[in-house]
Protein chains: 2
Amino acid sequence: MKTLTVELGERSYPIFIGQGLLGQAELVKPYVTGTQVLIVSNTTVAPLYLEKAKQAFSEYDVKTVILPDGEQYKNLDVLNQIFDVAIENRFDRKCTFVALGGGVIGDMTGFAAASYQRGVNFIQIPTTLLSQVDSSVGGKTGVNHPKGKNMIGAFHQPECVVIDTDTLNTLEDRELSAGLAEVIKYGLIVDYPFFEWLEQNLPGLMARDPVILAEAIERSCQNKATIVAKDEKEAGLRALFNLGHTFGHAIEAGMGYGNWLHGEGVSAGMMQAVYLSKLMGDLTQTDQERIAAILQSAHLPVMPPKEMSVQQFLDLMAGDKKVQAGQIRLVLLKAIGQAYVTGEYPSELLERTLIEYR
Amino acid sequence: MKTLTVELGERSYPIFIGQGLLGQAELVKPYVTGTQVLIVSNTTVAPLYLEKAKQAFSEYDVKTVILPDGEQYKNLDVLNQIFDVAIENRFDRKCTFVALGGGVIGDMTGFAAASYQRGVNFIQIPTTLLSQVDSSVGGKTGVNHPKGKNMIGAFHQPECVVIDTDTLNTLEDRELSAGLAEVIKYGLIVDYPFFEWLEQNLPGLMARDPVILAEAIERSCQNKATIVAKDEKEAGLRALFNLGHTFGHAIEAGMGYGNWLHGEGVSAGMMQAVYLSKLMGDLTQTDQERIAAILQSAHLPVMPPKEMSVQQFLDLMAGDKKVQAGQIRLVLLKAIGQAYVTGEYPSELLERTLIEYR
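Residues numbered from 1 in each chain as written. Chains lettered and ligands numbered in written order. Predicted model: local features only at pLDDT ≥ 70, side-chain atom pairs only at ≥ 80, totals over all residues. Heavy atoms only, no water.

Named according to an unreviewed UniProt entry, chain A is 3-dehydroquinate synthase originating from Hydrogenovibrio crunogenus.

Draft legend 1. Quick look at the domain arrangement of chain A. Residue and element names in this part refer to chain A. Split by domain assignment, chain A resolves into domain 1 (2–170) and domain 2 (173–356). Domain 1 and domain 2 are separated by 25 Å when their C-alpha centres are compared. Contacts between domain 1 and domain 2 engage 32 residues on the former and 32 residues on the latter. Between domain 1 and domain 2, roughly 2,900 Å² of surface is buried when both sides are summed, and carbon and sulfur atoms account for 66% of that area. Of all residues in domain 1, Leu129, Val133 and Lys149 bury the most surface against domain 2, accounting for 21% of the area lost on that side. Run the count over domain 1 and domain 2 and you get three salt bridges. Glu252 is paired through a salt bridge with Lys149; the nearest N and O atoms lie 3.2 Å apart. Seen at the junction of domain 1 and domain 2, the total is seven residue pairs in polar contact (both at pLDDT 80 or more). Listing elements by their share of the side of domain 1 that touches domain 2, those giving two or more residues are β1 (2–6), β2 (13–18), α5 (129–135), β7 (140–145) and β8 (148–155). (Domains from an automatic or database assignment. Contact = heavy atoms within 4.5 Å. Buried area = accessible area lost by both parts, 1.4 Å probe. Salt bridge = Lys/Arg side-chain N within 4 Å of Asp/Glu carboxyl O. Polar contact = N/O pair within 3.5 Å; in protein donor to acceptor, adjacent residues only side chain to side chain. Helix = DSSP H or I, 4+ residues; strand = E, 2+ residues; numbered from the N terminus.)

Draft legend 2. Representation of the relation of the copies chain B and chain A. Mapping chain B onto chain A calls for a rotation angle of 180° and an axial translation of 0.0 Å; the resulting RMSD is 0.0 Å. Accordingly, the operation relating the two chain copies is best matched by a two-fold axis. Of every C-alpha in chain B, the one belonging to B:Leu76 sits nearest the axis of rotation, 3.7 Å from it. Looking at the interface residues of chain B, 100% of them are also at the interface in chain A, so both copies use one shared face. (Least-squares fit on C-alpha atoms with pLDDT ≥ 70 in both.)

Draft legend 3. Structural detail: the interface of chain B and chain A. Listed by partner, the interface residues are 35 residues for chain B and 35 residues for chain A. Carbon and sulfur atoms make up 55% of the area that chain B and chain A hide from each other, which totals about 3,300 Å². The interface formed by chain B and chain A includes two salt bridges. The closest approach of N and O atoms between B:Lys147 and A:Glu88, which form a salt bridge, is 4.0 Å. Joining chain B to chain A, the criterion identifies 10 residue pairs in polar contact (both at pLDDT 80 or more). Contributions of two or more residues to the side of chain B that touches chain A are made by α3 (76–88), α4 (103–115), β7 (140–145), β8 (148–155) and α12 (310–318) of chain B. When the residues that make up the side of chain B that touches chain A are grouped by side-chain class, the tally is 13 nonpolar, nine polar and 13 charged. (Nonpolar A, V, L, I, M, F, W, Y, C, P; charged D, E, K, R; others polar.)

Draft legend 4. Examining the pairing of strand β10 (residues 330–335) of chain B more closely. Residue and element names in this part refer to chain B. Strand direction decides the pairing type here: β10 and strand β11 (residues 338–342), joined by five bridges, are antiparallel. Bridge pairing in β11 places Ala335 opposite Gln338. Taking the residues that link successive antiparallel strands as the turn, the β10-β11 hairpin has two residues, and the phi of Gly337 there is positive, at about 95°. (Pairing = 2+ DSSP bridges.)

Quick look at the structure:
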């Protein structure tokens, strides 16, 4: 087992990564306060891992909430189902909420924990590659609004994160690929050696080699943790994680939440950012092809959906959280492994990207 | 104008108290970031004060949300109306939410500000005596769940609070009395000289003498600010504010939200706590009568509603946030001006209180 610490002063927390961690009571015990534990999962993950996960909390009063599976259920109404169960069972302020599932379950359970009685304990057990390398690190929680993703939420750090790589054995191929989009992203934004390592090890990752997966997860979490530690509330540096996300969120919203996976939107979105970076004179055609190649090896889309018009992109991107005072801020690349955030680009280059790269 | 500072380190903020403060741009300007301001008010307050309040923000892009008036609308659905307007108008992360109204508007707007894009700026302009002396100080925000008050929320401090005592001129008598319940509470829990001052000045307060009202508001806010500064997240000391609230919340819930005003429930609830304190041997019959007398002078109820059974009280109190591990914790009095929190009382004395004091 590897242990990584996200350094956030009094809100620091450990991430445990390894095989067979699910159900280990000793691992989570130091992080549970009170006597009541609410495990939130979904209809896909619960049949596979709920019983195993519960074993870790056998000495507590455990209740469960099983939500429908999918990004389209990440809203205030479904969130309320978590509150219903907590309140009906008279969960008090010392209780612990446990998220068992992917990013949607993590985000919703985290926001429920942030808001229930103005804040209770939270433990994350992410079961998809995407949530293991992305949403489980950094404390971002929330739900979607019909007109914008993650518009309602809170920063709420977990007490600990348990990543059991065995849970990836049951992950659908498409979900594994979506997770790899975020893994590759870390190489692109801050870690060129990791990008090179990924180019070499992508076949092993696609074949779900547990050792290679564990290393990819650890290096991704380490990259994310390092940046989050420097910028907890997303004042600056942390915005780098949004490479491909402003385009990607527009794709997710434009195609209807749940049709394109988050990682798929990010993959096509990263390529749009790469194309714009090329127009800016920072990346070469070779860089673009190299990045497209690794994404394609991971069976990820490298083109935005044909159905979406340039205007639709612009409208949806203008509604994104990254907009300040009307200016669409984007994450672009100076080089592979060197991202930056900017609102200072010629707007015609953004339009050219949307027109030409499709 | 009086200025009071709530000391919370980097989250410290000023409370301005005086006549004619509404609409003063210079007062709020230092506390607005960005260019977008969302003023949230209700159908009662908006016709009276919205135009005046807007004058203070004339150099910003101002949008408004007018919600229905009443505790029964303090829920997730109505909260969503605030998000709708913010998102439709593409409010960004630097925007400021302004609460113009009573406690319900303050709590909902504050929670909306805490959650919108994971947290935006918040300014409070409380227009009822209750919200001026209670909910505007301390950063507690939230909405109700059908089975419990304030079950969903966040701690989110405002940038500043503007208390214009002129807004009390249009306050209904019943609302004024409800606010006085909380004013009297500060005397009861920590400030015996203030309690004596209130006994003397209650006629002036009921007559809405602006000078006496301003002094009562200032001393109430000062008492609250002192305690909040020592205990921002309600770990201990701050629980004293809940004198009468565990009983009072049960009354509000039992009678249906909106039928008993919060201050009315607190008033009857404080008398129940006083009676129990007498059974504990700490207060005298004379103390009880003296406290009942000042509440009655403020035209407040001193008895719980006859409609509610002992069992109903116990059930509703057991669901309250103050419960930890099944034990109902209560705020009781050692003397007038000296409250304490305890779960260590003979449970038969609580039952005797519920049976006898009605």
